[in-house]
Structures are given as structure tokens and as C-alpha cells.
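# Examination of the molecular architecture
One letter stands for each residue in the lines below.
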Amino acid sequence: RVSRGGRRFWRSRPATRPPLSTGDKQDCRAQHTTYMARRKHRHSVARFVDRVRIFAAGGHGGNGCASFFRDTRVERGPPDGGSGGGGGSVFVRASGGVGDLSLGRHSFRAGPGAHGSSSQMNGRRGADVYIEVP
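The present account deals with the structure reproduced in this document. (Residues numbered from 1 in each chain as written. Predicted model: local features only at pLDDT ≥ 70, side-chain atom pairs only at ≥ 80, totals over all residues. Heavy atoms only, no water.)

Take the overall build of the protein next. Looking only at helices and strands, one finds one helix and six strands in the protein. N-terminal to C-terminal, the α/β element order of the protein is β-β-α-β-β-β-β. The long-range share in the protein, meaning contacts at least 24 apart out of those at least 6 apart in sequence, stands at 67%. Split by element, the accessible area of the protein, about 11,100 Å² in all, is 51% carbon and sulfur. (Helix = DSSP H or I, 4+ residues; strand = E, 2+ residues; numbered from the N terminus. Contact = heavy atoms within 4.5 Å. Areas by Shrake-Rupley, 256 points an atom, 1.4 Å probe, with all protein chains shown as cover.)

Under the defined criterion, the tally for this structure stands at one aromatic pair. Aromatic pair Phe91 and Tyr130: ring centres 5.4 Å apart, planes at 20°, arrangement stacked. Taken together, the residues span a long stretch of sequence, with Phe91 in strand β4 (residues 90-94) and Tyr130 in strand β6 (residues 129-133) at a distance of 39 residues. Classification of Phe91 as partly exposed rests on a relative accessible area of 36%. Here Tyr130 falls in the partly exposed class, since its relative accessible area comes to 42%. In this arrangement the basic side chain of Arg93 is found over the ring face of Tyr130, its NZ or CZ atom lying 4.3 Å from the centre. (Phe/Tyr/Trp six-rings, centres within 6.5 Å; stacked < 30°, edge-to-face > 60°. Buried < 20%, exposed > 50% of the residue type's maximum accessible area, 1.4 Å probe, protein only. Lys NZ or Arg CZ within 6 Å of the ring centre and 35° of its normal.)

This next bit is on the environment of Ser83. Among the structural elements, Ser83 can be located in the loop between β3 (55-57) and β4. For Ser83, a relative accessible area of 47% translates into the label partly exposed. On a C-alpha basis, the gap between Ser83 and Cys65 in space is 6.5 Å, while along the polypeptide they are 18 residues apart. Beyond its immediate stretch of four places on either side in the chain, Ser83 contacts Gly64, Gly116, Met121, Asn122 and Gly123.

Attention now moves to the side chain of Asp100. Along the chain, the position of Asp100 falls in the loop between β4 and β5 (107-109). Apart from the residues within four sequence positions on either side, Asp100 is in contact with Arg47, Phe48, Val49 and Pro134.

Another point: the side chain of Ser67. By the secondary structure assignment, Ser67 is in the loop between β3 and β4. Residues in contact with Ser67, not counting those within four places in the same chain, are Pro79, Asp80, Gly81 and Ser118.

Okay, the pattern of salt bridges next. All told, the structure shown has three salt bridges when counted by the stated rule. In this structure, the salt-bridge partner of Arg73 is Asp71, at a minimum N-O distance of 3.0 Å. By relative accessible area, Arg73 is classed as exposed at 72%. Residues Arg93 and Glu132 are paired through a salt bridge, measuring 3.2 Å at the closest nitrogen-oxygen approach. Here the residue Arg93 occupies a position in strand β4, and Glu132 occupies one in strand β6, the gap between them amounting to 39 residues. By relative accessible area, Glu132 is classed as partly exposed at 29%. (Salt bridge = Lys/Arg side-chain N within 4 Å of Asp/Glu carboxyl O.)

What follows covers the pairing of β6. Side-chain alternation along β6 places Val129, Ile131 and Val133 on a buried face and Tyr130 and Glu132 on a face that remains uncovered. Alignment of β4 against β6, held across five bridges, turns out to be parallel. Bridge assignment links Arg93 to a residue of β6, and that residue is Glu132. (Pairing = 2+ DSSP bridges.)

Rendered as C-alpha cells:
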């Protein structure tokens, strides 16, 4: 049991770890070494990945601005709001430096476009995302 801030929490062991024997200390150390060797070997095996499912989405476009030109000499000015920037795109690019499809992540989303503003200023385009494949 571990006490944190007046509350009691039960600390449990991972389910994959074998129970330690009640024998001498040398026997417990041997069991732990065997367990760590199996665990290390399991993660050290390199697997070639040739199929992967990903989620890719382009960015949302920015909102436009609804504003009108204002000046003391012009009674009713023309509209001068800017358009919102377009959302970014997701591209798949072939690369010679990549060996397989182990991408590290499976969700790719491009950046959103910036909003427009007055004085006919359009929003900036969103950032593009490139996925490197062999």
C-alpha cells in the first residue's frame, strides 16, 4: 500500500511478470534476470512493416471577414473584408531513406488556414504535412 495525500492506493505488479519464489535471494535474482532477458529479446526483434492503416485529414479553411470601408469622406463605403486562407494538404512522398512503413504515428492532420481581416487582407494558407514512404 502507498499513501498519497491521506488516501491509500494499491500498487499492483504487471500481469506478465512471473511471481518471485519464496526461496533464497539468489533464486529470486535468477528469475528476474531470466524475465528481463525474455522481455528484451521480445522487443529487439525487428519486424518489417509493409501494410499500415492511417488517418489523414486536410486542414480547415479560415473564416472570411465581413467588414466595410469606413472614412469620414465616404458615407457608405464598399465591402473590404478578406477571404480566409485555405487549409493545408496531406501529401504522400516517396523517399529512398525509409525502409518500411513504421511511421511512428498513424494520424496526420494538416494545419488550419488563418482568418481574413479588414482592408482586404486574406488569411494565410495552412501548413502542409508530408508522409515519407519507401
